Amino acid sequence: NDSYLRSFIRQNELFATDEVIPINLSSPTTDYFSDNVSLETIIKEPVKKDRGKGSIRSREINSVGFQIDEQYAWISIETKQNISNSTDYELHILLLDNPNYNRIDVNIYNGTAHYQNFSSKSYKIDDHKVEIENKSIKLQIPYSAFKDTNSLLISADIIRGNTLLDWTGWQKIEIIK
(Lines give C-alpha, C1' and ligand atoms only; values in the text may rest on other atoms or scores of the structure.)
Protein backbone atom coordinates (compact mmCIF):
# COMPACT_ATOMS: atom_id res chain seq x y z
CA ASN A 1 0.00 0.00 0.00
CA ASP A 2 1.55 3.33 -1.05
CA SER A 3 -0.04 5.25 1.88
CA TYR A 4 2.07 3.07 4.18
CA LEU A 5 5.24 4.11 2.33
CA ARG A 6 4.19 7.77 2.29
CA SER A 7 3.86 7.71 6.06
CA PHE A 8 7.66 7.53 6.28
CA ILE A 9 8.22 10.62 4.14
CA ARG A 10 8.77 13.72 6.21
CA GLN A 11 6.86 16.72 4.97
CA ASN A 12 9.30 19.23 6.45
CA GLU A 13 12.78 20.54 5.67
CA LEU A 14 14.02 17.35 4.02
CA PHE A 15 11.42 17.28 1.25
CA ALA A 16 10.02 20.78 1.47
CA THR A 17 10.33 23.47 -1.13
CA ASP A 18 12.11 26.62 -0.03
CA GLU A 19 9.73 29.28 1.14
CA VAL A 20 10.80 32.60 -0.32
CA ILE A 21 9.58 35.70 1.49
CA PRO A 22 9.04 38.72 -0.77
CA ILE A 23 9.92 42.08 0.80
CA ASN A 24 8.85 45.22 -1.02
CA LEU A 25 11.29 48.10 -1.27
CA SER A 26 9.41 50.85 0.53
CA SER A 27 9.82 54.60 0.56
CA PRO A 28 11.99 55.94 3.41
CA THR A 29 9.19 57.24 5.61
CA THR A 30 9.57 55.10 8.72
CA ASP A 31 12.38 55.41 11.25
CA TYR A 32 12.31 52.05 12.99
CA PHE A 33 14.41 53.44 15.85
CA SER A 34 12.24 56.39 16.87
CA ASP A 35 8.87 55.12 15.61
CA ASN A 36 7.54 52.22 17.64
CA VAL A 37 7.04 50.03 14.56
CA SER A 38 8.00 46.38 14.23
CA LEU A 39 9.81 45.02 11.21
CA GLU A 40 8.23 42.36 9.03
CA THR A 41 8.91 38.96 10.62
CA ILE A 42 10.87 36.75 8.26
CA ILE A 43 11.92 34.02 10.71
CA LYS A 44 9.60 32.88 13.50
CA GLU A 45 11.31 30.37 15.74
CA PRO A 46 9.27 27.61 17.38
CA VAL A 47 9.01 27.57 21.15
CA LYS A 48 11.89 25.46 22.45
CA LYS A 49 12.10 23.32 25.53
CA ASP A 50 14.32 24.82 28.22
CA ARG A 51 17.90 23.69 27.90
CA GLY A 52 20.84 24.72 30.01
CA LYS A 53 20.68 26.57 33.31
CA GLY A 54 19.92 30.11 34.40
CA SER A 55 20.63 32.93 31.97
CA ILE A 56 21.93 30.58 29.27
CA ARG A 57 18.47 29.02 29.02
CA SER A 58 16.93 32.44 28.40
CA ARG A 59 19.15 33.34 25.44
CA GLU A 60 16.73 32.19 22.76
CA ILE A 61 15.75 33.82 19.49
CA ASN A 62 12.01 34.32 19.06
CA SER A 63 12.10 35.97 15.64
CA VAL A 64 14.12 37.87 13.07
CA GLY A 65 12.68 40.85 11.19
CA PHE A 66 13.69 42.58 7.96
CA GLN A 67 12.58 45.68 6.11
CA ILE A 68 14.28 47.70 3.38
CA ASP A 69 13.71 51.15 1.92
CA GLU A 70 15.62 53.40 -0.45
CA GLN A 71 18.04 54.51 2.29
CA TYR A 72 18.47 51.64 4.74
CA ALA A 73 17.91 47.97 5.43
CA TRP A 74 16.58 47.30 8.92
CA ILE A 75 17.13 43.96 10.64
CA SER A 76 15.89 42.95 14.09
CA ILE A 77 16.42 40.06 16.48
CA GLU A 78 13.71 39.47 19.10
CA THR A 79 14.70 37.26 22.05
CA LYS A 80 12.97 35.42 24.88
CA GLN A 81 14.59 37.56 27.60
CA ASN A 82 16.30 40.95 27.73
CA ILE A 83 19.42 41.41 25.62
CA SER A 84 22.59 40.62 27.59
CA ASN A 85 25.72 42.79 27.33
CA SER A 86 27.90 39.71 27.86
CA THR A 87 26.45 37.72 24.95
CA ASP A 88 27.24 37.91 21.22
CA TYR A 89 24.34 38.30 18.81
CA GLU A 90 25.25 37.67 15.18
CA LEU A 91 23.50 38.26 11.87
CA HIS A 92 24.66 36.50 8.71
CA ILE A 93 23.48 37.60 5.27
CA LEU A 94 24.48 35.92 2.01
CA LEU A 95 23.86 38.10 -1.04
CA LEU A 96 22.93 35.68 -3.79
CA ASP A 97 23.20 37.87 -6.88
CA ASN A 98 25.42 40.80 -5.89
CA PRO A 99 28.55 41.25 -8.04
CA ASN A 100 30.40 43.28 -5.38
CA TYR A 101 29.76 41.48 -2.08
CA ASN A 102 29.01 37.89 -1.12
CA ARG A 103 28.16 38.33 2.52
CA ILE A 104 27.41 40.66 5.40
CA ASP A 105 28.27 39.38 8.89
CA VAL A 106 27.57 41.54 11.92
CA ASN A 107 28.44 40.81 15.55
CA ILE A 108 26.59 42.80 18.24
CA TYR A 109 28.25 42.74 21.64
CA ASN A 110 27.77 45.08 24.60
CA GLY A 111 25.57 47.41 22.55
CA THR A 112 28.04 47.84 19.68
CA ALA A 113 27.87 46.36 16.19
CA HIS A 114 31.01 45.22 14.38
CA TYR A 115 31.23 43.89 10.83
CA GLN A 116 33.13 40.63 10.53
CA ASN A 117 35.48 40.01 7.62
CA PHE A 118 35.18 36.32 6.66
CA SER A 119 36.05 36.69 2.97
CA SER A 120 37.56 39.11 0.48
CA LYS A 121 34.01 39.98 -0.61
CA SER A 122 32.67 40.64 2.89
CA TYR A 123 30.78 43.91 3.25
CA LYS A 124 32.37 46.19 5.81
CA ILE A 125 31.42 49.79 6.52
CA ASP A 126 31.28 51.94 9.63
CA ASP A 127 28.02 53.67 8.65
CA HIS A 128 25.56 51.66 10.69
CA LYS A 129 23.43 52.12 13.78
CA VAL A 130 22.26 49.67 16.38
CA GLU A 131 19.56 50.03 19.00
CA ILE A 132 18.96 47.68 21.91
CA GLU A 133 15.72 47.85 23.80
CA ASN A 134 14.72 45.17 26.31
CA LYS A 135 14.28 41.98 24.23
CA SER A 136 15.07 43.51 20.85
CA ILE A 137 18.10 44.45 18.75
CA LYS A 138 17.56 46.63 15.68
CA LEU A 139 20.34 47.17 13.17
CA GLN A 140 20.35 49.74 10.39
CA ILE A 141 22.59 49.05 7.36
CA PRO A 142 22.95 51.46 4.42
CA TYR A 143 20.91 50.55 1.35
CA SER A 144 24.09 50.65 -0.73
CA ALA A 145 24.99 47.18 0.60
CA PHE A 146 21.81 45.78 -1.01
CA LYS A 147 21.58 48.06 -4.05
CA ASP A 148 22.63 45.41 -6.59
CA THR A 149 20.91 42.52 -4.80
CA ASN A 150 17.50 41.02 -5.49
CA SER A 151 17.73 37.92 -3.28
CA LEU A 152 19.52 36.99 -0.09
CA LEU A 153 19.71 34.42 2.68
CA ILE A 154 19.67 35.53 6.33
CA SER A 155 20.22 33.79 9.68
CA ALA A 156 21.00 34.75 13.28
CA ASP A 157 23.03 33.24 16.15
CA ILE A 158 23.44 33.82 19.87
CA ILE A 159 26.87 32.93 21.27
CA ARG A 160 28.36 33.18 24.75
CA GLY A 161 32.08 32.56 24.90
CA ASN A 162 32.63 29.56 22.65
CA THR A 163 29.14 28.14 23.17
CA LEU A 164 26.48 28.47 20.49
CA LEU A 165 23.31 29.04 22.54
CA ASP A 166 20.70 29.44 19.81
CA TRP A 167 20.50 29.89 16.06
CA THR A 168 17.98 30.17 13.26
CA GLY A 169 17.79 28.38 9.97
CA TRP A 170 18.55 30.26 6.78
CA GLN A 171 15.65 32.17 5.25
CA LYS A 172 15.55 33.27 1.61
CA ILE A 173 14.27 36.77 0.88
CA GLU A 174 13.42 38.31 -2.50
CA ILE A 175 13.60 42.11 -2.59
CA ILE A 176 10.89 43.50 -4.84
CA LYS A 177 12.16 46.77 -6.33
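Residues numbered from 1 in each chain as written. Predicted model: local features only at pLDDT ≥ 70, side-chain atom pairs only at ≥ 80, totals over all residues. Heavy atoms only, no water.

Description of the overall build of the chain
A count of helices and strands for the chain gives two helices and twelve strands. Going from N to C terminus, the chain has its helices and strands arranged as α-β-β-α-β-β-β-β-β-β-β-β-β-β. Across the 177 residues that make up the chain, the buried fraction comes to 41%. A separation of at least 24 residues holds for 57% of the contacts in the chain among residues at least 6 apart in sequence. For the chain, the exposed surface amounts to about 10,200 Å²; the carbon and sulfur share of it is 46%. (Helix = DSSP H or I, 4+ residues; strand = E, 2+ residues; numbered from the N terminus. Buried < 20%, exposed > 50% of the residue type's maximum accessible area, 1.4 Å probe, protein only. Contact = heavy atoms within 4.5 Å. Areas by Shrake-Rupley, 256 points an atom, 1.4 Å probe, with all protein chains shown as cover.)

Section: the side chain of H128
Along the chain, the position of H128 falls in the loop between β7 (112-116) and β8 (129-133). If we ignore the near neighbours within four places in the chain, the residues touching H128 are A113, Y115, L139 and Q140.

A word on unusual backbone geometry
Despite not being glycine, N110 shows a phi value in the positive range, around 55 degrees. Locating N110 in the fold gives a position in the loop between β6 (103-109) and β7. Its identity is not glycine, yet N134 carries a phi of approximately 55 degrees, on the positive side. When you line up the elements, N134 lands in the loop between β8 and β9 (136-142). Owing to a relative accessible area of 53%, N134 belongs among the exposed residues under this scheme.

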